[in-house]
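Summary of the model geometry
What follows is the residue order along each chain.
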Protein chains: 2
Amino acid sequence: MNAYVYGYGPEGKERLIVVDLGVTFPDMDTSPGVDVIMADTAWLEANAKRIEAIFITHAHEDHIGALAHLWPKLKKTVYARKFTARIGALKLEEAGLPTDALKVVEPRPKLIEAGPFKVQFVPLSHSIPESSALIIDTPAGRIVHTGDFKLDGAPIVGEPFDPLVWHEIAHEGAGVKVLTCDSTNVFTPQPGRSESTLAEPLKELIAGRKGMVVATTFASNVARLKTLAEAGRAAGRSVCLMGRAMRRMVSAAEETGVLTGFPGTVSPEDAADIPRENLMLIVTGSQGERRAATAQLSRGKYLGISMKEGDSFLFSSRTIPGNERDVIRIMNAFSEMGVDVIDDRGGLYHVSGHANRPDLEAVHDLLRPKMLIPMHGEHRHLREHAKIGSEKGIASEIATNGTMLDLTGTVPKVVEYIETGRTYLDGNVLIGALDGVVRDRIRMALNGHVLITVIIDEDDLPLGEAWVELMGLPERGRSGASLAQLIEDELSGFLEHAPDKVIANDDKMDEAPRRAARQVAMEEIGKKPEVTVVVSRLLAD
Amino acid sequence: MNAYVYGYGPEGKERLIVVDLGVTFPDMDTSPGVDVIMADTAWLEANAKRIEAIFITHAHEDHIGALAHLWPKLKKTVYARKFTARIGALKLEEAGLPTDALKVVEPRPKLIEAGPFKVQFVPLSHSIPESSALIIDTPAGRIVHTGDFKLDGAPIVGEPFDPLVWHEIAHEGAGVKVLTCDSTNVFTPQPGRSESTLAEPLKELIAGRKGMVVATTFASNVARLKTLAEAGRAAGRSVCLMGRAMRRMVSAAEETGVLTGFPGTVSPEDAADIPRENLMLIVTGSQGERRAATAQLSRGKYLGISMKEGDSFLFSSRTIPGNERDVIRIMNAFSEMGVDVIDDRGGLYHVSGHANRPDLEAVHDLLRPKMLIPMHGEHRHLREHAKIGSEKGIASEIATNGTMLDLTGTVPKVVEYIETGRTYLDGNVLIGALDGVVRDRIRMALNGHVLITVIIDEDDLPLGEAWVELMGLPERGRSGASLAQLIEDELSGFLEHAPDKVIANDDKMDEAPRRAARQVAMEEIGKKPEVTVVVSRLLAD
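**What about the interface of chain B and chain A?**
Of the residues lining the interface, 65 residues belong to chain B; the matching set on chain A comes to 65 residues. Carbon and sulfur atoms make up 59% of the surface buried where chain B meets chain A, a total of about 5,700 Å² over both sides. The three residues of chain B that bury the most area against chain A are Met28(B), Arg325(B) and Met471(B), which together make up 13% of that side's buried surface. Between the two partners, chain B and chain A, sit 10 salt bridges. Put simply, Asp426(B) and Lys527(A) hold a salt bridge, and the shortest N to O gap is 2.9 Å. Summed over the shared surface of chain B and chain A, the number is 33 residue pairs in polar contact (both at pLDDT 80 or more). Among the elements of the structure, helix H11 (324-337), helix H13 (379-391), strand S23 (429-432), helix H14 (437-447), strand S24 (449-456), strand S25 (467-471), helix H17 (506-525) and strand S26 (530-537) of chain B are those that each provide at least two residues to the side of chain B that touches chain A. For the side of chain B that touches chain A, the element with the highest residue contribution is H11(B), accounting for eight residues. When the residues that make up the side of chain B that touches chain A are grouped by side-chain class, the tally is 26 nonpolar, 17 polar and 22 charged.

**Considering helix H6 (residues 199-207) of chain B**
All names here are of chain B. Among all positions in H6, only Pro-201, Leu-202, Leu-205 and Ile-206 are buried. Projected onto a plane normal to the axis of H6, the buried residues spread over an arc of 125° and lie on a single side. Away from the buried face of H6 by more than 90 degrees, exposed residues Glu-204 and Ala-207 are located. Each element contacted by the buried residues of H6 is listed here: strand S13 (213-216), helix H7 (222-234), strand S15 (279-283), strand S16 (312-315) and strand S17 (340-342).

**Re the relation of the copies chain B and chain A**
Under the fitted operation, chain B is carried onto chain A by 0.0 Å of movement along the axis and a turn of 180°, and the coordinates agree to an RMSD of 0.0 Å. The operation mapping one copy onto its partner corresponds to a two-fold rotation axis. When the interface residues of chain B are mapped onto chain A, 100% of them are again interface residues, pointing to one common binding face.

**Observations regarding the side chain of Thr403(A)**
Residue and element names in this part refer to chain A. Position of Thr-403 among the secondary structure elements: in strand S20 (residues 403-406). Of the polar contacts made by the side chain of Thr-403, one reaches the backbone oxygen of Thr-400; its length is 2.7 Å. Those residues in contact with Thr-403, other than ones at most four positions away along the chain, are Val-414, Glu-416 and Tyr-417.

**Concerning the side chain of His379(A)**
Looking at where His379(A) falls in the secondary structure, it is placed in helix H13 (residues 379-391). Residue class for His379(A) comes out buried when judged on its relative accessible area of 12%. Aside from chain neighbours lying at most four places away, what touches His379(A) is Ile398(A), Thr400(A), Asn332(B), Ser335(B) and Glu336(B).

**Section: the pairing of strand S11 (residues 141-145) of chain B**
Residues and elements named next belong to chain B. S11 sits mainly inside the fold: four of its five residues count as buried. In terms of strand pairing, strand S10 (residues 132-138) meets S11 through five bridges, oriented antiparallel. Within S11, the position partnered with Ile-135 by the bridge is Val-144. Here S10 folds back onto S11, and the loop between the two strands holds two residues. In this fold, S11 hands off to helix H5 (residues 163-171), which returns the chain to strand S12 (residues 176-182); that crossover is right-handed.

Reading guide: rules and limits
- The residue numbering used here restarts from 1 in each chain and proceeds along that chain's sequence as written.
- Each chain takes a letter, starting from A, and each ligand takes a number, starting from 1, following the order in which they are written.
- Given that the model is predicted, a residue must reach a pLDDT of at least 70 before its local features are reported, and side-chain atom pairs must reach 80 or more before they are shown or counted; all residues, however, enter totals for whole chains, interfaces and linings.
- The side-chain figures draw on all heavy atoms in the structure; neither hydrogens nor water molecules are used.
- When checking whether two residues touch, look at their non-hydrogen atoms; a contact exists if any pair is within 4.5 Å.
- A simple way to read buried area is as the amount of 1.4 Å-probe accessible surface that goes missing from two parts once joined, with both sides added.
- Salt bridge, as used here: a side-chain nitrogen of Lys or Arg that lies within 4 Å of a carboxyl oxygen of Asp or Glu.
- In protein, a polar contact requires one atom able to donate a hydrogen and another able to accept it; more generally it is a pair of N or O atoms within 3.5 Å, and residues adjacent in sequence count only if both atoms are side-chain atoms.
- Elements are defined by DSSP. Helices are runs of H or I of four residues or more, strands are runs of E of two residues or more, and each kind is numbered from the N terminus.
- Residues are grouped as follows: nonpolar covers Ala, Val, Leu, Ile, Met, Phe, Trp, Tyr, Cys and Pro; charged covers Asp, Glu, Lys and Arg; every other residue, Gly included, is treated as polar.
- Three exposure classes are used, based on accessible area relative to the maximum for each residue type with a 1.4 Å probe and protein chains only: buried under 20%, partly exposed in between, and exposed over 50%.
- The directions from the helix axis to the C-beta atoms form the arc being described.
- Alignment of copies: least-squares fit on C-alpha atoms of residues with pLDDT of at least 70 in both copies.
- A pair of strands is labelled paired if DSSP reports no fewer than 2 bridges between them.
- Place the viewer so that the strands point away; then a crossover is right-handed whenever the path from the first strand over the helix to the second strand goes clockwise.

Take a look at the structure:
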């Protein structure tokens, strides 16, 4: 959920630019029921008047996914290149928001002036079209913010990496003061491979298959989609793109001119009539997403098509850590159908979109920055990247979420920690990660939920017995008797003997039944559930 | 959660033996709040009279972990080798169960007769002492049930792999009819490496470190513990074992004589006084388990010791798929402390305990079974293993959970699917996976929980207003008003206009308020919560 802020000016009055507004995805362990997660922008909102503009480096969800959710809180001009802006516009339109704040920018030498900042977009390869580094010039020096990138001399889609342009960037004026740099693949020791190395292995693979061939990759990796489609066509197969996100990405890429020469495809309706040995599907859901085409195919039919014995399913993708369980579940479902599952184990059918360690070092050497701020990675990636910088004599600092660095000196200096955190989109509501909503969900999931209702009459006397309902708890425990009944019995005893002032006291009538219920449950089933007590007090007429 | 059954005799009256009673572990996605998961033994319980005995191949949790939970349902003699039996006895004792059903068995040539079965334990290497294959002789032929194994000529602890013994087993009588075989590493193309190859790299690694060195691996891998401890001692460090499971495993291994020559260790109390550069800890929790030593060290102090900048933490282990998130969280916490985290990325500091593909093929060739039943793996592993068998002309069949195979002919024949499933230990209660308890927990976690209480008086009229409590839901949604209040208002409207016969009808008084609450929530917050309606009907005196 990338979101970076650069500022220039007198302390506390710096003019600001925001780079990227991304999301990350929830999981059952930490954020059950949540739809997406984004940065908490409270500080930016409080300082909205100081924000000059928003820049989006590329159209991956972790960089642009929060645009429609957070733009209404900031309402600033958004600069992006053509394809990225198109994806951003689709998001704003879907949310019923105006798109006129979105400005399409040409790459360097085009210069955007935003307060004290002069910003250029410089094309770099990545696993989506038009990923760009930002050259941010300030009166205090030049910052290169790489965005997500790899060094690819033949990227299939987009411009090849051009060392001459970067040499120029490194030698203009006083050179590069700060490099804010992608760290994702810092632990990968071999140099990265070009997207174009996949064409031959994929052609061979698909040509050798008998039944239907289905391949999945990220919908936004249109270069890969093209390579896959071409390999399918080369094997004499009709190609069908399945999954809304994929069709949308290809359309956006074609409409904005970043993708050309994509082989002709057939519609899912037509695909259903084509003999399976002549058909190739390219589908969404490489990370096991429940509602995407891959997961649906693993559960049965999708748009009239189902997998059969002798078909092949290719994951032309890497499983992002944390998604293994979902992906493996799908692989096993295909295995049960008799489908051959091919993954990237051999390294032949996928390349990463991020620069590996030697590539990062090449960039350090090319740009010779005074300071290195690693970004885009877990803490261990940032730390490793900073270590590489330090070993080369480049002053490095790890900036965890909320860290404000002073970059005007000769070394990065931590000057402040902004209180920041995560905002959850839950249904259609934005909630704070620490609001307690999700904590309560996790507790109910782990411990179950006991509901107790007690009616107190006009004279502060219990009316009838307490009533207990269980949710997410076994009906019976150790004794074999009904757990709800046992709690009710305990509560009857309590109500019978409770002094009047306890019955009259709302806090005590909440606390005591809760404690009693948890104690009975502990004895009976060995766990302490969450308890909600509802005391209804009848009022005298 | 391994549990296999072999039977011999007239159809429906076969005498049975059970091999292994293991557990698997829950996760938030599918089994929140559950403690451990084991096989549903309903069919075995219904046929308990036909069971001759239980055999345990080795003391890993996925093979012995359910013993104390399921033995009381079966109450049969349990055969295991010395160390395995010791671990089993500890489990039974902890559960307050007798241990006299547990019989210690010497390995082959010792023969156990159990009804029509003659069973021998044959030592094989694995990542725990005394892992054994079972040679199961029946009047219909010989079965080799490998258990978990690798081919290791120098396993540090236990007997090296002896091809002569296996040649003998393959050539006695009519040879091997059925091979039931570990499939875990069928996708690993290179031959397995010996445990003993780790000694040198570990020594070098630890000798080169400056601060405290902490290493984690599975507690039961006592060979690895010994190698780690020796590497620590060689570097002049005092070695301390931390974590109850680890001390227990080493004690059990030493007491039963399977582990000798383990270097002297210091207690955690003494360790706290040793300068960190002279100290090495070997700790539990390689899979990120929340309560184990590794996770505790990542959160702060554990037994008086905490990690510091310049220390090293070694994962001498592989992360089991599904545990990545927890392990990565710990790695990043260490990174934030300035601790160098070393994992098995380079392949130097861990070897697997399972046979790789070429090793499996070697076993096929050595034993020349008529049939191959792949076990221990996901479906895709079993399928791949069966494919290897078929390519060699060995008749293979994939047996998913509940499959009953007839192995008396020349090819395995599926004769029945037993209705089976999963049993959850939840607190101290065994519940069925499909009882609905866990389903309700998942629903509360995803959707939140709304509680509605309504009081109906003696004349079937609503007494006061409905009362709404929320758990795991945002307080306010789209309109900015209180969600609970909005639902209460909606319910007031409903109660006011509901016909008498609706108010008098329990089902309708459950259904209508639920529907109303879900509809209001959908409009306000964009999601439909779980709803519990409690209607209290006052009775006429």
